[in-house]
Amino acid sequence: MNVSPSSLPAGPHAPATEVVNARDNDALQAARLYLCTDARRGRGDFAEFVDAAFAGGVDIIQLRDKAIEAAEELDLLAVLKETAVRHGRLWAVNDRADIAVLSGAPVFHIGQKDLPLAAARTLVNGNAAIGLSSHTTEQVDAALAATAGPSGLDYFCVGPVWATPTKPGRAAVGPELVKYAAKASRQVADPVPWFAIGGIDHGNVREVAEAGARRIVVVRAITEAADPAAAAASLLDALDAAGS
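Worth saying up front: this structure is predicted, and the values here are computed from it rather than measured.

Here we look at the state of the cysteines
For the coordinates displayed, the defined rule picks out 0 disulfides. The cysteine cysteine 36 is free of any disulfide, with cysteine 157 supplying the nearest cysteine sulfur at 7.5 Å. Given a relative accessible area of 3%, cysteine 36 falls into the buried group. Judged by its relative accessible area of 4%, cysteine 157 is buried.

Put into structure tokens, the structure is as follows:
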């Protein structure tokens, strides 16, 4: 079934009453494949796509689309939530704390120039895991120093490893920052999970895994695939092969 804004649930967007506690289970720690996708307006297949991605092994799906309005985003998140619950997986909201609260998102992601972590923690529900982007060694160190306690950070991303059109103007950090994060993480007694991100696809996933990443965030490697489920499974196989 294709999903378009007109076919999604309409009406007032009340705060979600069912909230997954992403900070008190093993789902985030075990997650290896994190997908960011837009609303897929041009294809009209959002529901089918996220279902296939989860079926292929994606652990977390984040809806990230700056071109949609809040009401449409909430409608799409309702679809994403239902699909994630059915597959027993996690889903995420980017940047907008108000959207995260209203949708009941179990994962909320912020950038270095978005809401400060402490402010984000006061706004989202206490069960929501909060993740942060990092682009330098100093930011990696700061993320690793953050505790996953009541007000702390729950995961972070390292990148962009390679240049990507989803982050125009953002300089690539290369595999060296991934190597740094892997080494620094090993030196911390109880590190939070971290993901490599930025331009990762089937052609270079082994390289990023060999640099030390055991978790990755992808976009086009799955969103542009003819078979999203097969693409997800293939990326996981490559991670396994490189980490063995």
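After that view of the structure, there is still more to cover.
Some words on the sheet that holds strand E3 (residues 90-94)
Sheet architecture is closed into a barrel: 8 strands sit in the order E1-E2-E3-E4-E5-E6-E7-E8, paired in parallel fashion. Strand after strand, the sheet turns through a mean of 25° between neighbouring axes, direction not considered. Bridging between E3 and strand E4 (residues 107-110) involves 3 bridges; their strand directions are parallel. Considered in E4, the bridge of valine 93 is made with phenylalanine 108. The strands touched by helix H3 (residues 70-87) are strand E2 (60-63) and E3; relative to E3, the strand with the most contacts, the crossing angle is about 160°.

Focus: the UniProt feature "binding site: Mg(2+)" (unreviewed entry) in the protein
As recorded in UniProt, the feature "binding site: Mg(2+)" (unreviewed entry) lies at Asp95 and Asp114. Spatially, the listed residues are clustered: although they cover 20 residues, their C-alpha atoms lie within 6.6 Å of one another. Within the element layout of this structure, aspartate 95 appears in the loop between E3 and helix H4 (97-103). Each residue touching aspartate 95, except ones within four places of it in the same chain, is listed here: Lys66, Phe108, His109 and Asp114. The residue aspartate 114 is located in the loop between E4 and helix H5 (117-123) in this model. Polar contacts involving the side chain of aspartate 114 include one to the main-chain amide nitrogen of glycine 111, which spans 2.7 Å.

What about the nonpolar core?
Leu33, Leu80, Phe156, Val178, Val208, Val218 and Ile222 are the most contacted members of the largest nonpolar core, which has 66 residues in total. Looking at this core, the element that brings in the most residues is helix H10 (residues 228-243), giving 7 residues. Leaving out residues up to four positions away in the same chain, valine 178 has contacts with Val158, Val161, Trp194, Ala196, Val208, Ala211, Gly212 and Ala213.

Digging into helix H2 (residues 46-55)
An α-helical turn contains 3.6 residues, so any two residues separated by three or four positions project in the same direction. Among the 10 residues that make up H2, 7 are buried, leaving the element largely enclosed by the rest of the structure. Within the sequence span of H2, burial applies to Phe46, Ala47, Phe49, Val50, Ala52, Ala53 and Phe54. Among the residues trailing H2, glycine 57 stands out with phi positive, at a value near 120°.

Some remarks on the pairing of strand E7 (residues 194-197)
In the sheet, strand E6 (residues 155-158) pairs with E7 via 3 bridges, with the strands oriented parallel. From the neighbouring strand, cysteine 157 faces E7, where its bridge partner is phenylalanine 195. In the sheet, E7 pairs with strand E8 (residues 216-218) via 2 bridges, with the strands oriented parallel. The residue of E8 that forms the bridge with isoleucine 197 is valine 217. Between the parallel pair E7 and E8, the chain is carried across by helix H8 (residues 205-210), and the sense of this crossover is right-handed.

Details of the packing of aromatic side chains
Tallying each qualifying case throughout the model produces 4 aromatic pairs. Seen from their ring centres, tyrosine 155 and phenylalanine 195 are 5.7 Å apart, and the 80° between their planes marks the pair as edge-to-face. Of this pair, tyrosine 155 sits in strand E6 while phenylalanine 195 sits in strand E7, and the two are 40 residues apart along the sequence. Members of the aromatic cluster, each reached through a chain of ring pairs, are Tyr34, Tyr155 and Phe195.

Reading the values: the criteria
Residues numbered from 1 in each chain as written. Predicted model: local features only at pLDDT ≥ 70, side-chain atom pairs only at ≥ 80, totals over all residues. Heavy atoms only, no water. Disulfide = S-S within 2.5 Å. Buried < 20%, exposed > 50% of the residue type's maximum accessible area, 1.4 Å probe, protein only. Pairing = 2+ DSSP bridges. Helix = DSSP H or I, 4+ residues; strand = E, 2+ residues; numbered from the N terminus. Axes fitted to C-alpha atoms, helices over the stretch in contact; angles between N-to-C directions. Contact = heavy atoms within 4.5 Å. UniProt positions renumbered as here; feature names shortened; annotations may be inferred. Polar contact = N/O pair within 3.5 Å; in protein donor to acceptor, adjacent residues only side chain to side chain. Core = buried A, V, L, I, M, F, W, Y, C linked by side-chain atoms within 4.5 Å. Right-handed = clockwise from strand over helix to strand, strands pointing away. Phe/Tyr/Trp six-rings, centres within 6.5 Å; stacked < 30°, edge-to-face > 60°.

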